[in-house]
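Single-letter residue listing:
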Amino acid sequence: MPIPPASDPGALPRLRFCPAPSGWLHVGSVRAALYNVLHARRHGGTFVFRIEDTDASRATEESMRSMMEALHWIGLDWDEGPEADGGSRGPYGPYRQSLRGELYAEVARRLEEAGATYRDHRTSEELEAWRERQRQGGDGGPPVVKASTFEHSEEELTRFAEEGRPASLRLRTPESGSITVTDLVRGEVTWEWATISDPVIARSDGSATYPLANSVDDVAQGISIICRGEDLLSVTPRQVLLYGLLLTDGLLDEALAAVGLPARDPAWGAPEAFAHLPMVVGMDRKKLSKRHGSVAVQEFRRQGFLPETLRNYLALLGWAPKDGRERLNDDDLIAEFDLAAVGRSAAAFDVDKLTAFNGERIRELSEEELTDRLLPYLDGTEGDEALVDRPATDEQRAVVRGLVPLVQERMQRLDEVQRYAPAFLRDEVELDPDSVDKVFTKNGAPEAIAAARRVLADVEWTTAAIEAALRALPDELGIGFGKVAQPVRVAATGSAVSPPLFESLELLGREVSLARLDAALPVARAAQGS
RNA sequence: GCUCCCGUCGUCCAGCGGUCUAGGAUCCCACCCUUUCAAGGUGGUGACGCGGGUUCGAAUCCCGUCGGGAGUACCA
């Protein structure tokens, strides 16, 4: 977003967006990122972008790059986070968790020392079998892992250690009691600790899992508001528990120092607020997937949606300003956005509405601006076919610039220019068979084309003069104007659907227009019989 | 199964005990405009999941019920 962040840290909020880099950036994730940015900008805070790639088997470099590119395209640039060149920006990095492994290991070691964790030597297979038994109702009760039943005895611990059997590290959660967290969008949510499993915070290979890495970084980087998807709501209790542990006796601060990472700002505490966003679903209320059309941000770009439209639409997916306006620019969004006013129920992604917004936005653009935005869809950048050079020549740009006033008010998406442009950018026009069938077969079509060719041969080549000449034909031929316009339209543009005729002819130029009428005449004659 | 979350037009929102014969946007339909397609204008169809309470009065509060979703991983 265009508004620069305030530079003064102070008590200003710090928010983060921290995707796991596998696959493409999803529109649901983008909305979460957007809400983070809006809140940060609104309050002059900081937006941090962090890569959560602790699972080496899933994270890919390609995905990370594509997410950074997608975020940048949609206008959600970060104040702190990784850079495209592999470096990072901001004082509390690095911002890729794969580069912070030492910190997590150090924290895990100290947590274990403090007695906050215990070792679990069970294999994944053993755990799965145990869970299966629990679900089957074997020992009764749900599959909740608790130290009281899970912690190995001293003898077992010694034996496993001697056997060299690897162990994961589990966080000890309270056996009883409850925890209540206040959520900006949901109000108070309460859990019984007895229903919450002790999470694995370090895998048996020593690497950190999400519960540890995420909590450590949120505290280490001074995140004050955690705004994320509802799918992470259930993970909140153990994170709150961890925040307390990390801040006790300077555990995290010492760990940070021990591994040589930047110290926290002494003013920072634990994250002070949560905001769990409702899910974004498809129109069938099912999880968003490829069946619903596009879900990846890059796909929207390719289809000709404008980034500012996406920002506007996505902001409204779960939220609305007090006055009920819907078309909001970035300044409006920043001025009005309020996390506490976000709705609680899942929102369906409606491409039709997005498309309508996009069309309105296109109509707001200046003709110069629209020309610039259209070029990428014509030079092969956003399409398979290149109708102009990249960069476009002056002549090519002039043609597109001339086309803009003719198409601006009939476009919903930028990629639609690919339908209109060929007739104007190519020498030859391909006659659309359906249009030929519908228009050239009508009585009088060849005569209309011939007559148009005649009167246009030496008229002054302006829209007004072309119109006057063609408007005179119906009287002469004794037919309606549509009977003249449609055949000429098909002949000149190749299709029965085109931008306004007179303007189109002017843009094509006399030479091309006459040549096309000449070429179409025999086709129209041939179509008469059929 | 267990835990948590959610429930107003097809969809996104408004509504916070009376002003609701429930409002806006999008979609759909009709009409106007019109050289095609659009755009634009005007009008219209369309919703408080259900059942109990509380109250003079409930979309709004409470309980239940039904329905949907998320989590239940050494994924995040």
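Residues numbered from 1 in each chain as written. Chains lettered and ligands numbered in written order. Predicted model: local features only at pLDDT ≥ 70, side-chain atom pairs only at ≥ 80, totals over all residues. Heavy atoms only, no water.

A.B. asks: Outline the overall build of chain A, listing residues and values.
C.D. replies: Counting secondary structure elements, chain A contains 24 helices and 13 strands. Taking 2.2 N^0.38 as the reference for a compact globule, 530 residues should give roughly 24 Å; the C-alpha atoms of chain A span a radius of gyration of 32 Å, well beyond that estimate. Relative to its full complement of 530 residues, chain A shows a buried share of 50%. Pairs at least 24 residues apart make up 76% of the contacts formed inside chain A by residues separated by at least 6 positions. In the form shown here, chain A has an accessible surface area of approximately 24,200 Å², with 50% of it arising from carbon and sulfur atoms. The average position of the 61 basic charges and that of the 87 acidic charges among the side chains of chain A differ by 3 Å. (Helix = DSSP H or I, 4+ residues; strand = E, 2+ residues; numbered from the N terminus. Rg over C-alpha atoms; globule rule 2.2 N^0.38 Å. Buried < 20%, exposed > 50% of the residue type's maximum accessible area, 1.4 Å probe, protein only. Contact = heavy atoms within 4.5 Å. Areas by Shrake-Rupley, 256 points an atom, 1.4 Å probe, with all protein chains shown as cover. Lys, Arg positive; Asp, Glu negative; His and termini not counted. Charge placed at Lys NZ, Arg CZ, Asp CG, Glu CD.)

A.B. asks: Help me get a handle on the state of the cysteines, residues and values and all.
C.D. replies: Inspection of the entire model under this criterion finds zero disulfides. Note on cysteine 18: no disulfide assigned, nearest cysteine sulfur contributed by cysteine 227 at a separation of 11 Å. (Disulfide = S-S within 2.5 Å.)

A.B. asks: An account of the protein's contact with RNA strand B is requested, with residue identities and associated values reported.
C.D. replies: Taken together, the neighbourhood of RNA strand B is formed by 63 residues, with Arg186, Arg203, Arg285, Glu326 and Arg410 sitting nearest. Note that a phosphate oxygen of RNA strand B is positioned 2.9 Å from one of the backbone N or O atoms of tyrosine 210. Taking arginine 238, its side chain carries an N or O atom lying 3.4 Å from a base nitrogen of RNA strand B. Secondary-structure elements contributing two or more residues to the surface near RNA strand B are helix 4 (124-135), strand 6 (168-171), strand 8 (187-192), strand 13 (347-348), helix 13 (351-364), helix 22 (481-493) and helix 23 (501-508). (Near = heavy atom within 4 Å. Polar contact = N/O pair within 3.5 Å; in protein donor to acceptor, adjacent residues only side chain to side chain.)

A.B. asks: Can you break down the pattern of salt bridges residue by residue, with the values?
C.D. replies: Within this structure, the stated rule accounts for 49 salt bridges. Ionic pairing is found between glutamate 113 and arginine 109, a salt bridge with its closest N-O pair at 3.0 Å. Here glutamate 113 and its partner arginine 109 are both found in helix 3 (residues 101-113), four residues apart, which amounts to about one turn of the helix. For glutamate 113, a relative accessible area of 62% corresponds to the exposed category. (Salt bridge = Lys/Arg side-chain N within 4 Å of Asp/Glu carboxyl O.)

A.B. asks: I'd love a proper account of the packing of aromatic side chains, names of residues and values included.
C.D. replies: This structure, assessed with the given rule, holds eleven aromatic pairs. Between the aromatic rings of tyrosine 313 and phenylalanine 349, the centroid separation amounts to 5.3 Å while the plane-to-plane angle is 85°, which identifies the pairing as edge-to-face. Here tyrosine 313, found in helix 11 (residues 307-315), pairs with phenylalanine 349, found in the loop between strand 13 and helix 13; they are 36 residues apart in sequence, far enough to count as distant. Note on accessibility: tyrosine 313 and phenylalanine 349 belong to one class, buried. Members of the aromatic cluster, connected to one another through ring pairs, are Phe300, Phe305, Tyr313, Phe349 and Phe357. Cation over ring: arginine 165 sits above phenylalanine 160, and NZ or CZ is 4.6 Å from the ring centre. Lying over the aromatic face of tyrosine 420, arginine 419 brings its terminal NZ or CZ to 5.5 Å of the ring centre. (Phe/Tyr/Trp six-rings, centres within 6.5 Å; stacked < 30°, edge-to-face > 60°. Lys NZ or Arg CZ within 6 Å of the ring centre and 35° of its normal.)

A.B. asks: Give a detailed account of the environment of leucine 314, specifying residues and quantitative values.
C.D. replies: Take leucine 314: it is sitting in helix 11. The contacts of leucine 314, once residues within four sequence positions are left out, are Val27, Val30, Arg31, Leu34, Tyr35, Ile74 and Phe349.

A.B. asks: Quick one: what's the story with the layout of surface pockets, residue by residue and with numbers?
C.D. replies: Approximately 1,300 Å³ is the volume attributed to the largest pocket. Lining the largest pocket are 46 residues, and of these Pro19, Ala20, His26, Ser29 and Asp231 lie nearest its centre. Broken down by secondary-structure element, the contributors of at least two residues to the lining of the largest pocket are strand 1 (14-17), helix 1 (27-42), helix 7 (210-220), strand 10 (225-229) and helix 10 (297-302). Sorting elements by how many residues they give to the lining of the largest pocket places helix 1 first, with five residues. Here the residues of the lining of the largest pocket are counted per class, giving 20 nonpolar, 14 polar and twelve charged. Looking at which domains feed residues into the lining of the largest pocket, each of domain 1 (14-97 + 278-347) and domain 2 (100-276) supplies at least three. (1 Å grid on protein atoms, 1.4 Å probe; cavity = no way out; pocket = protein on both sides within 12 Å on 5 of 7 lines; lining within 4 Å. Points joined across faces, edges and corners; volume = space filled by probe spheres on them. Nonpolar A, V, L, I, M, F, W, Y, C, P; charged D, E, K, R; others polar. Domains from an automatic or database assignment.)

A.B. asks: Describe in detail the packing of helix 19 (residues 445-456) against helix 20 (residues 463-471), supporting the description with residues and values.
C.D. replies: With their axes 10 Å apart at the nearest point, helix 19 and helix 20 run at an angle of 135° to one another. Between helix 19 and helix 20, the angle falls in the class oblique. In this structure, helix 19 meets helix 20 at a crossing whose hand is right-handed. The segment helix 19 lies against helix 20, with Ala452, Val455 and Leu456 engaging Ile466, Ala469 and Leu470. Of the residues in the contact of helix 19 with helix 20, the class split is six nonpolar, no polar and no charged. (Axes fitted to C-alpha atoms, helices over the stretch in contact; angles between N-to-C directions. Parallel < 35°, antiparallel > 145°, perpendicular 65-115°, else oblique. Left-handed = near helix turned anticlockwise from the far one by under 90°.)

A.B. asks: So what's going on with helix 24 (residues 510-528)? Residues and values would help.
C.D. replies: Taking 1.5 Å per residue, 19 residues should reach 27 Å; helix 24 reaches 27 Å between its end C-alpha atoms and fits that length. If you look at helix 24, its biggest bend is around 30°, right at alanine 520, and the proline proline 522 turns up within four residues after that. Along helix 24, the positions that sit buried rather than exposed are Ser513, Leu514, Arg516, Leu517, Ala520, Leu521, Ala524 and Ala527. Looking at the buried residues of helix 24, the elements they touch are helix 17 (422-425), helix 18 (433-440), helix 19, helix 22 and helix 23. (Expected span 1.5 Å × (residues − 1). Bend = angle between axes of the 7 residues up to and from the residue.)

A.B. asks: Summarise the nonpolar core; cite the residues concerned and give the values.
C.D. replies: For soluble globular proteins, nonpolar side chains are generally found buried alongside one another. Residues Leu378, Phe440, Leu456, Leu470 and Leu505 are the most contacted members of the largest nonpolar core, which totals 55 residues. Looking at which domains feed residues into this core, each of domain 3 (365-425) and domain 4 (433-528) supplies at least three. Leaving out residues up to four positions away in the same chain, leucine 378 has contacts with Glu385, Ala386, Leu387, Val388, Val400, Val417, Ala421 and Leu425. In this structure, Leu25, Leu38, Met64 and Val342 belong to the second largest nonpolar core, which totals 53 residues. (Core = buried A, V, L, I, M, F, W, Y, C linked by side-chain atoms within 4.5 Å.)

A.B. asks: An account of the pairing of strand 8 is needed here, citing residue identities and associated values.
C.D. replies: Note on strand geometry: in a regular strand, side chains alternate between the two faces of the sheet. Bridging between strand 7 (residues 178-183) and strand 8 involves six bridges; their strand directions are antiparallel. Residue pairing across strands places aspartate 183 opposite glycine 187, the latter belonging to strand 8. Hairpin connection between strand 7 and strand 8: a loop of three residues separates the two successive antiparallel strands. (Pairing = 2+ DSSP bridges.)

A.B. asks: Kindly report on the domain arrangement of chain A, identifying the contributing residues and their values.
C.D. replies: A common way to express how large an interface is: the accessible area buried when the components associate. With domains assigned, chain A is organised as domain 1 (14-97 + 278-347), domain 2 (100-276), domain 3 (365-425) and domain 4 (433-528). Here the C-alpha centre of domain 4 lies 24 Å away from the C-alpha centre of domain 3. Taken together, the contacts link nine residues of domain 3 with eight residues of domain 4. Our enumeration of links across domain 3 and domain 4 arrives at zero salt bridges.

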